[in-house]
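Each chain, written out:
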Amino acid sequence: MKRSSTIFLQSVVVLIGVAALALMLWEPHLEGRNAHASVTQIYFHDPFLAYAYIASIAFFVALYQAFKLLGYVGRNDVFSQSAVKALRTIKYCAMSLVGCIAGAEAYFWIVQRNKEDIAGGVMMGLLLIFVSTVVATAAAVSEKTLQSAVDLKSENDLTV
């Protein structure tokens, strides 16, 4: 892959991270019950918001690993144990996101079901679970394939 292509993809990953962080910091101010609240009330009186911020750590770790993986591709070092480890970390991050989002969905069904309309939040959660599952599956398949290629390469390096 050309170096310019990997730099472009790395910049896209960085832009996704910056956009996600900006949305996470900006959106709570627009929420209906927080529209006229102070910053302290928004961030320290909403346990669900704290849960979302803690769960987002896995997302940002996966983005960082994707950035590193693209760096390996750019250096033609994709057939290395480091690349396999990056894919494994992305897989675990995606699986932990599925668990965190499923926990949020359970919160919606148990706590918020009778208080407000949860259809939009549930649908967004199900969509994110689907996307995270696809990412975890793709990372797992790529990890196995890449691990086989790394093992084959190390075998060939030993015989040469």
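Everything here concerns the structure above.
The following refers to the structure shown.

Thresholds, definitions, all that
- Residues numbered from 1 in each chain as written.
- Predicted model: local features only at pLDDT ≥ 70, side-chain atom pairs only at ≥ 80, totals over all residues.
- Heavy atoms only, no water.
- Helix = DSSP H or I, 4+ residues; strand = E, 2+ residues; numbered from the N terminus.
- Salt bridge = Lys/Arg side-chain N within 4 Å of Asp/Glu carboxyl O.

### A closer look at unusual backbone geometry
Then, in step 1: You will see that N76, though not glycine, has its phi angle at about 55°, which is positive.
Then, in step 2: Along the chain, N76 falls in the loop between α3 (47-74) and α4 (81-112).

### Remarks on the pattern of salt bridges
Then, in step 1: Per the counting criterion, the structure on display carries two salt bridges.
Then, in step 2: In this structure, E143 engages R88 in a salt bridge whose closest nitrogen and oxygen atoms are separated by 2.8 Å. Of this pair, E143 sits in helix α5 (residues 119-159) while R88 sits in helix α4, and the two are 55 residues apart along the sequence.
Then, in step 3: Linking K91 and E143 is a salt bridge whose minimum nitrogen-to-oxygen distance equals 3.1 Å. In this pair, K91 is assigned in helix α4 and E143 in helix α5, connecting sequence segments 52 residues apart.
Then, in step 4: Among the charged side chains, a network of salt bridges with common partners joins R88, K91 and E143.

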